[in-house]
Amino acid sequence: MSFLTLNDVTFSYPNGFTAVENVNMSFEKGESVAIIGQNGAGKTTTVKMMNGLLRPTKGDVIIEGLNTKDYTTAQISRKVGYVFQNPDDQIFHETVKSEIMFGPKNLGFSEEKMNENVKKAAELTGLESFLDIHPYNLPYSMKKMVSIASVIAMDTGTIILDEPTAGQDSIAIKKLGSIINALVKEGKTIITITHDMEFVVTNFERVIVMANKKVVSDENKRGIFWNLDILEEAMLKQPHISRLSNTLNFNGKILDIDEMIESLKKQQAKKGQRKNDNNESYKQVSEIL
Ligand SMILES: Nc1ncnc2c1ncn2[C@@H]1O[C@H](COP(=O)(O)OP(=O)(O)OP(=O)(O)O)[C@@H](O)[C@H]1O
Ligand SMILES: [Mg+2]
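Residues numbered from 1 in each chain as written. Chains lettered and ligands numbered in written order. Predicted model: local features only at pLDDT ≥ 70, side-chain atom pairs only at ≥ 80, totals over all residues. Heavy atoms only, no water.

**Digging into the sheet that holds strand β6 (residues 80-83)**
Part 1 of the argument: Taken together, six strands build an open sheet; the order of strands is β6-β7-β8-β3-β9-β10 and the sheet is mixed. Across the chains shown, the open sheet's two edge strands, defined by having one partner strand only, are β6 and β10 (214-220). This sheet shows a mean twist of 15 degrees between the axes of neighbouring strands, independent of strand direction.
Part 2 of the argument: The pairing of strand β3 (residues 32-36) with strand β9 (residues 206-211) spans four bridges and is classified as parallel. Bridging across to β9, Ile35 finds its partner in Ile208.
Part 3 of the argument: Each of β3, β6, β7 (158-162), β8 (189-193) and β9 is contacted by helix α1 (residues 43-50), which is oriented at about 155 degrees to β8, the strand it contacts most.
Part 4 of the argument: Against the sheet, helix α6 (residues 170-185) contacts β3, β7 and β8, and its axis sits at roughly 150 degrees relative to β8. (Pairing = 2+ DSSP bridges. Helix = DSSP H or I, 4+ residues; strand = E, 2+ residues; numbered from the N terminus. Axes fitted to C-alpha atoms, helices over the stretch in contact; angles between N-to-C directions. Contact = heavy atoms within 4.5 Å.)

**Quick notes on the pairing of β7**
Part 1 of the argument: Extensive coverage of β7 is indicated by the burial of five of its five residues.
Part 2 of the argument: Both faces of β7 are covered, namely the face carrying Thr158, Ile160 and Asp162 and the face carrying Ile159 and Leu161.
Part 3 of the argument: Direction of pairing for β6 relative to β7: parallel, over a ladder of four bridges. Residue pairing for β7: Gly81 is matched across the bridge by Ile159.
Part 4 of the argument: Taken together, β7, α6 and β8 constitute a β-α-β crossover, and its handedness is right-handed. (Buried < 20%, exposed > 50% of the residue type's maximum accessible area, 1.4 Å probe, protein only. Right-handed = clockwise from strand over helix to strand, strands pointing away.)

Structure representation (structure tokens):
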């Protein structure tokens, strides 16, 4: 059995609108997966069912062997942490430290474990020197780090990041990549919703594409970003470098700049070889004449 499974899950909001329909997904321990898709595709609704904020209208969500139907949201939040799309929906304490400490305190961790977790989360997110500051006095990108740190401190087996790169500069985006890497190394399962295709290419292997309430593809990144039909159906674009290499007719399903350079070198080597071959033939022909 997988670490986290959604079995034929459908969700309708109280107003009757069905946002997610017959979705199946499963994740292994220590896996890191990106979920992509247009606005309104149903991504946030789907992940909110993974940590019990929403319960499926139909189907089952099984986390580490437990069906969310049989457990309270508080019980499920010990297993799955969710970083909200908007940090202002999550932050409500007066210092960064008390914000990060809230989760572990609530889970009844010992003083020692609580302090250890806060220290680790602050270190990973680069917030060590901001612990006494009011989170509302921090810029948006750092508020987002506070919301991430407060979920990391809960030490759940699964962490869901909803749009972590939105509103972040390139340094923060790099940092996010290294945070995800560090968490995966610890054996955490990381599920990240994002609209940032470059972030996906740099940090994930497996990608799930959602469109119009459903999963339309679940594949490795090369399979997704070079399946132009799927991208069109989901109204998504290839990463910049893939688009460029596609336009320039480069060989191979290129995803990033390093692969493009490699392909360019190979093409140049071939051209050089052809030039050498031509010189050789010219010599042979001259000798015969
Ligand atoms: N509380 C709600 N009541 C009714 N409909 C809702 C509610 N929340 C979301 N929806 C609708 O459900 C659909 C899916 O929303 P969801 O937030 O899951 O999409 P998303 O893929 O996360 O989009 P985005 O990329 O914009 O965050 C949308 O059409 C949205 O308007
Ligand atoms: Mg969303």
